[in-house]
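# Descriptive analysis of the structure
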2 protein chains.
Amino acid sequence: MVFAKSIFMRKESFYHLHSDICKTIANPRRLAIIDMIHKGEMTVSTLVKKIGISQANLSQHLAILRSKGVVQTRREGNNIYYSIANPKIIAAFDLISEVLRESTSSRSKTVSNAFDHKR
Amino acid sequence: MVFAKSIFMRKESFYHLHSDICKTIANPRRLAIIDMIHKGEMTVSTLVKKIGISQANLSQHLAILRSKGVVQTRREGNNIYYSIANPKIIAAFDLISEVLRESTSSRSKTVSNAFDHKR
DNA sequence: ACAATAGATTTGGAAATAATAATTTAATTT
DNA sequence: AAATTAAATTATTATTTCCAAATCTATTGT
């Protein structure tokens, strides 16, 4: 007998691309970058000052954000301005922030163990 | 002279928590799980069949989703039902899906190198 | 053309993740 | 109470991610 393909087999490449974007923003320093430029473009040197990490490390994070299309760049003389490529990234960022606020305020911090389900 | 704290120093713990949630969903198999249960609860054994990964591995992913409060559980007899804890997680998931669709359709797939900024 | 400034890339090692296999726990049925 | 079914946990190993240090490239000003 032939089995139907699982949802994972059918959509594996989609989930892979999706997780690539999520991984791209799943880093404290890259989130700080996104937070800094979400209201408008900013140069690398300004980001270095405001975020307070090394230029080399910032540049690495920017390269990752660039490679996944999360940010855009524009050069003006010696400076390169970075901005968010798609406003929906900001919307997603904000939604997760809300989840965070809601869970830290309401949810009890007990990490649920599935074996809590005793009778 | 005393320097002002960088945004990263001031909000580091926030960004860390934020990235924890992002990391939690930044995995193809966990995205498949979220996609499967986003319309309603489902048992572990049903998920094993539909997603098509081993029970042990699925259980590990469920434990990660549980520990970060992304999913909820409910036991009924021998079965444990999993569901999404906060609908905003789904909203964020959908937003990223849209970003993905938009970028695969419109954006040229050239990975931008910052040194493209030549004159 | 040379120095200075802004930013990117490479390399290497440490830490975090992910998948598999094997074992264990809980609830139900006989 | 033994067997069965559903799900979780524990090692173990392979892969990935992260940061720092050093080096390199592009642009501008002199």
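To keep things clear, this report deals only with the structure shown in the data block. (Residues numbered from 1 in each chain as written. Chains lettered and ligands numbered in written order. Predicted model: local features only at pLDDT ≥ 70, side-chain atom pairs only at ≥ 80, totals over all residues. Heavy atoms only, no water.)

Once that is clear, we can look at helix H2 (residues 28-37) of chain A. Residues spaced three or four apart along an α-helix point in a common direction, a consequence of the helix completing one turn every 3.6 residues. Residues and elements named next belong to chain A. For H2, the tally of buried residues reaches nine of ten residues, placing the bulk of the element in the interior. Three or more residues of H2 are buried, namely Pro28, Arg30, Leu31, Ala32, Ile33, Ile34, Asp35, Met36 and Ile37. Two or three places before Arg29, at the start of H2, stands the capping residue Asn27, its side-chain oxygen 2.9 Å from that residue's backbone nitrogen. (Buried < 20%, exposed > 50% of the residue type's maximum accessible area, 1.4 Å probe, protein only. Helix = DSSP H or I, 4+ residues; strand = E, 2+ residues; numbered from the N terminus. Polar contact = N/O pair within 3.5 Å; in protein donor to acceptor, adjacent residues only side chain to side chain.)

With that settled, the discussion passes to the pairing of strand E3 (residues 79-84) of chain A. All names here are of chain A. Of the strand pairs in this sheet, strand E1 (residues 42-43) and E3 are connected by two bridges, and their pairing is antiparallel. Paired with Met42 across the strands is Tyr82, a residue of E3. Where strand E2 (residues 71-76) hands over to E3, the hairpin turn is made up of two residues, of which Gly77 adopts a positive phi near 65°. (Pairing = 2+ DSSP bridges.)

The next thing to look at is the pattern of salt bridges. Evaluation of the coordinates by the stated rule reveals twelve salt bridges over all chains. Asp20 of chain A is paired through a salt bridge with Lys68 of chain A; the nearest N and O atoms lie 3.7 Å apart. Of this pair, Asp20 of chain A sits in helix H1 (residues 7-25) while Lys68 of chain A sits in the loop between helix H4 (55-67) and E2, and the two are 48 residues apart along the sequence. Classification of Lys68 of chain A by relative accessible area gives partly exposed; the value is 35%. Where Arg74 of chain B meets Glu41 of chain B, a salt bridge forms, and the shortest distance between an N and an O atom there is 2.5 Å. Residue Arg74 of chain B is found in strand E2 (residues 71-76), and its partner Glu41 of chain B is found in the loop between helix H2 (28-37) and strand E1 (42-43); the two are separated by 33 residues along the sequence. Taking relative accessible area as the criterion, Glu41 of chain B reaches 38% and is therefore assigned partly exposed. (Salt bridge = Lys/Arg side-chain N within 4 Å of Asp/Glu carboxyl O.)

For these two chains of identical sequence, chain B goes onto chain A by a turn of 180° and a shift of 0.0 Å along the axis, with RMSD 0.0 Å. Given the turn and translation reported, the copies of this chain are related as if by a two-fold rotation axis. Taking the C-alpha atom as reference, chain B places Ala92 of chain B closest to the rotation axis, 2.4 Å from it. (Least-squares fit on C-alpha atoms with pLDDT ≥ 70 in both.)

Attention now moves to helix H3 (residues 44-52) of chain B. Of the residues making up H3 of chain B, those classed as buried are Val44, Leu47 and Ile51 of chain B. The arc that holds every buried residue of H3 of chain B, seen down its axis, measures 50°, which confines them to one face. Here the buried face of H3 of chain B lies against H1 of chain A together with H2, E1, helix H4 (55-67) and strand E3 (79-84) of chain B. (Arc of directions from axis to C-beta. Contact = heavy atoms within 4.5 Å.)

Turning to the nonpolar core, a few remarks are in order. Inside soluble globular proteins, nonpolar side chains tend to come together where they are buried. Ranked by size, the top nonpolar core spans 67 residues in total, and within it Ile51 of chain A together with Ile37 and Ile51 of chain B carry the most contacts. With sequence-adjacent residues up to four places away left out, Ile51 of chain A is seen in contact with Ala32, Ile33, Met36 and Leu58 of chain A together with Ser6, Ile7 and Phe8 of chain B. (Core = buried A, V, L, I, M, F, W, Y, C linked by side-chain atoms within 4.5 Å.)

Our next topic: the sheet that holds E3 of chain A. In sheet architecture, strand pairing relies on hydrogen bonds along the backbone and comes in two forms, parallel and antiparallel. All names here are of chain A. Spatially, the three strands line up as an open sheet ordered E1-E3-E2, and their pairing is antiparallel. Edge positions in the open sheet fall to E1 and E2, since each of these has one partner strand only. In this structure, E2 lies alongside E3, joined through six bridges in antiparallel fashion. Paired with Gln72 across the two strands is Ser83, which belongs to E3. Along the sheet, H2 contacts E1, E2 and E3; its crossing angle with E3, the most-contacted strand, is approximately 95°. (Axes fitted to C-alpha atoms, helices over the stretch in contact; angles between N-to-C directions.)

Residues and elements named next belong to chain B. Pairing is antiparallel across the open sheet formed by three strands, whose spatial order is E1-E3-E2. Strands at the two margins of the open sheet, each flanked by one partner only, are E1 and E2. Strands in contact with H2 are E1, E2 and E3; relative to E3, the strand with the most contacts, it is inclined by about 95°.

So, on to the interface of chain B and chain A. In this complex, chain B contributes 55 residues to the contact, which on the side of chain A involves 55 residues. Each partner contributes to the roughly 5100 Å² buried at the junction of chain B and chain A, and carbon and sulfur atoms together form 69% of this total. One salt bridge in this structure joins Lys11 of chain B and Asp35 of chain A, with 3.0 Å as the shortest N-O distance. Inspection of the chain B/chain A interface yields 17 residue pairs in polar contact (both at pLDDT 80 or more). Residue assignment for the side of chain B that touches chain A shows that the elements contributing at least two residues are helix H1 (7-25), H2, H3, H4, E2, E3 and helix H5 (87-105) of chain B. A per-element tally of the side of chain B that touches chain A places H1 of chain B first, with 13 residues. Taken together, the residues of the side of chain B that touches chain A sort by class into 27 nonpolar, 14 polar and 14 charged. (Buried area = accessible area lost by both parts, 1.4 Å probe. Nonpolar A, V, L, I, M, F, W, Y, C, P; charged D, E, K, R; others polar.)

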